Structures are given as C-alpha cells and as structure tokens.
Amino acid sequence: MSTLQLIIGNKNYSSWSMRPWVLMTQKGIPFDEQMIRFDGFGAGSQFKQAIGVFNPVGKVPVLVDGDLVVTDTLAIAEYLAERFPEHELWPRDAKLRAWARSACAHMHSGFGVLRQLLPMNIEADLREVGARLLREHPELQSEIAQVESLWTMALNQHGGPMLFGEYSIVDAFFTPVVMRFKTYGVALGSVATAYMDRIAELPSTQAWCHAALREQDFLAFEEPYRDAR
Ligand SMILES: N[C@@H](CCC(=O)N[C@@H](CS)C(=O)NCC(=O)O)C(=O)O
C-alpha cells in the first residue's frame, strides 16, 4: 500500500488545506505532505503551474493515493472515511452522521461573508480589525451567530467533547473557523468558547499552528488588513 500524499498550500493562510491535514493527523492516518507555496493565483503563478499537474481546477488541497487523485476537501474527507473505516471519521450513529454531514456541507458551501471578510491568518493578531468589521457588517454578525448556534446546539444536544461526540470530520471542518475567530477576536458564549479552546489545544491543531508560525511568507494578496507582518 503506497503512502498517501496530501498537497497543501501555506499553513498560515490555507484554511482548506488545514482541514484534511488536521483530520488525518488527529486520527493517526499516515501521510506525506507536499506544500506548494502560494505566490499568487494568476494563471502564470508557480502555484498554479505546480498544482495544475494534479488538479485541473488549480486548488489545494489534493490527496494522492497511488494513481488516484482526489480533489476538494469534502471529497477527500469522504474518500478517507471510506478508505479507513476503522478510524471512524464520521460519527457511528446514523442520525449524528447525518447532522455532521449537514454541518460540513454548510461549511463547505456557506458562510461566505465570514470566509471573505475574515480570511485565515494564524500568525496575525487582528482583534481591532475584527471589532471594526463586526460593527460595520451586520451580515458578518449574523453568520457568526449561525456558527455559534450550530456549535452550541450540537454540543448541548450531543454532549461533546467535540461537536457530535468524538472528534470527527465536522470538527476538522470548523477548525479554520476557530482559527479565524481567535485571530479576529470574535467573542462567543461559554459553550462555544470552551469548544474553541478544546479545538485549539488538540495536538493536530497545535502542530499545524506551530508550522504556520514558522513560515516567513507575507502574501499581500492574502492580507487585506496589513502591509507587513
Ligand atoms: N472547494 C475547495 C476550495 C479549495 C480552495 O479554494 N483552496 C484555496 C486555498 S485555501 C486555493 O487553492 N485557491 C486558489 C485559487 O483560488 O485560485 C475545497 O473544498 O477544497
């Protein structure tokens, strides 16, 4: 059996790459990582040239399993869940699994304002920017409230410690949101805050964040709010 290869972007910035990376790391699924540094998303960028070999859509993450190439986080998560049933990447209970899938699907296709206005930037402290954005954008407030009520309902109804019991794909999907809320100083109620802390303290999250902090890149096209580090 060949070793899985996960192709990712910069750890400080690439929220989509973070999801399968923390999932596989947290669940003990071995893989080799290949990082393609972001230098721009234009057709002529080295990033697009390099990722284009694997993914015609030109995005990370990409999972390579022998001669099989799987693109897109949701498809990667589903592939891993099928390939490693013993790791229980989805909740075992059918109802919880359905709810976890709903939350992931919504994360994948929704929360557009949050994703646009609060891009992931693990290294940065943007609490003042966050406070201003919250004042200026009621639609951002409303998406944050939706995330919080999704987390709180799941945690209150299903007992934690993670959203639907044990750590599963859905927790990996919300990990970059936790990172964003910390960077932009988004304050939530006690149940959601405790969940954020549990996610931030996981070995997988810590390992990714330590590597992100070691990166030296300042990518202006990923930095709407800063001129330098
Ligand atoms: N729907 C995709 C989104 C992936 C995505 O947008 N990745 C970003 C990096 S975090 C990317 O590669 N962007 C390049 C571009 O937008 O051209 C997924 O779930 O994997």
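Every value quoted in this text rests on a predicted model; they were computed, and no experiment measured them.

## Some details on the pairing of strand E3 (residues 62–65)
Okay, so step 1: What you see with E3 is no split at all: Val62 and Val64 on one side and Leu63 and Asp65 on the other are buried throughout.
Okay, so step 2: As paired elements, strand E1 (residues 4–8) and E3 share three bridges and run antiparallel to each other. In the sheet register, Leu6 faces E3, and the bridge partner there is Leu63.
Okay, so step 3: Pairing between E3 and strand E4 (residues 68–71): four bridges, direction antiparallel. Counterpart to Leu63 in the pairing with E4 is Val70.
Okay, so step 4: Hairpin connection from E3 to E4: two residues lie between these consecutive antiparallel strands, with Gly66 at a positive phi of about 65 degrees.

## Looking at the packing of aromatic side chains
Okay, so step 1: Evaluated as defined, the whole model comprises ten aromatic pairs.
Okay, so step 2: Their ring planes at 85 degrees and their centres at 6.1 Å tell us that Trp21 and Phe31 sit as a pair that is edge-to-face. Residue Trp21 is found in helix H1 (residues 15–27), and its partner Phe31 is found in strand E2 (residues 31–35); the two are separated by ten residues along the sequence. Accessibility assignment for this pair places Trp21 and Phe31 in one class, buried.
Okay, so step 3: Aromatic pair Trp151 and Phe174: ring centres 5.9 Å apart, planes at 90 degrees, arrangement edge-to-face. Highlighted residues: Trp151 in helix H7 (residues 138–158) and Phe174 in helix H8 (residues 169–183), separated in sequence by 23 residues.
Okay, so step 4: Judged by its relative accessible area of 0%, Trp151 is buried.
Okay, so step 5: Looking at Arg19, its charged tip hangs above the ring of Phe173, at a distance of 5.7 Å from the centre.

## A look at the pattern of salt bridges
Okay, so step 1: According to the stated counting rule, one finds eleven salt bridges in the structure shown.
Okay, so step 2: Residue Asp65 is joined to Arg83 by a salt bridge in which the shortest nitrogen-to-oxygen separation is 2.6 Å. Here Asp65, found in strand E3, pairs with Arg83, found in helix H3 (residues 73–83); they are 18 residues apart in sequence, far enough to count as distant.
Okay, so step 3: Residue classification places Asp65 among the buried residues on the basis of a relative accessible area of 10%.
Okay, so step 4: In this structure Arg83 comes out as partly exposed when scored by relative accessible area, which is 22%.
Okay, so step 5: With its nearest N and O atoms 3.8 Å apart, the salt bridge here joins Glu123 to Arg229. Residue Glu123 is found in the loop between helix H5 (112–117) and helix H6 (127–136), and its partner Arg229 is found in the segment after helix H10 (203–214); the two are separated by 106 residues along the sequence.

## Topic: unusual backbone geometry
If a residue is not glycine, its phi is most likely negative; likewise, a peptide bond is most likely trans.
Okay, so step 1: Note the cis peptide between Val60 and Pro61, where omega equals 5 degrees.
Okay, so step 2: Structurally, the position occupied by Pro61 is in the loop between helix H2 (46–52) and E3.
Okay, so step 3: Positive phi outside glycine occurs at Asp72, with the angle close to 80 degrees.
Okay, so step 4: Here Asp72 shows up in the loop between E4 and H3.
Okay, so step 5: By relative accessible area, which is 36% here, Asp72 ends up partly exposed.
Okay, so step 6: Backbone geometry at Glu88 places phi at a positive 45 degrees, although glycine is not the residue there.
Okay, so step 7: Among the structural elements, Glu88 can be located in the loop between H3 and helix H4 (94–109).

Conventions we followed
- Residues numbered from 1 in each chain as written.
- Predicted model: local features only at pLDDT ≥ 70, side-chain atom pairs only at ≥ 80, totals over all residues.
- Heavy atoms only, no water.
- Buried < 20%, exposed > 50% of the residue type's maximum accessible area, 1.4 Å probe, protein only.
- Helix = DSSP H or I, 4+ residues; strand = E, 2+ residues; numbered from the N terminus.
- Pairing = 2+ DSSP bridges.
- Phe/Tyr/Trp six-rings, centres within 6.5 Å; stacked < 30°, edge-to-face > 60°.
- Lys NZ or Arg CZ within 6 Å of the ring centre and 35° of its normal.
- Salt bridge = Lys/Arg side-chain N within 4 Å of Asp/Glu carboxyl O.

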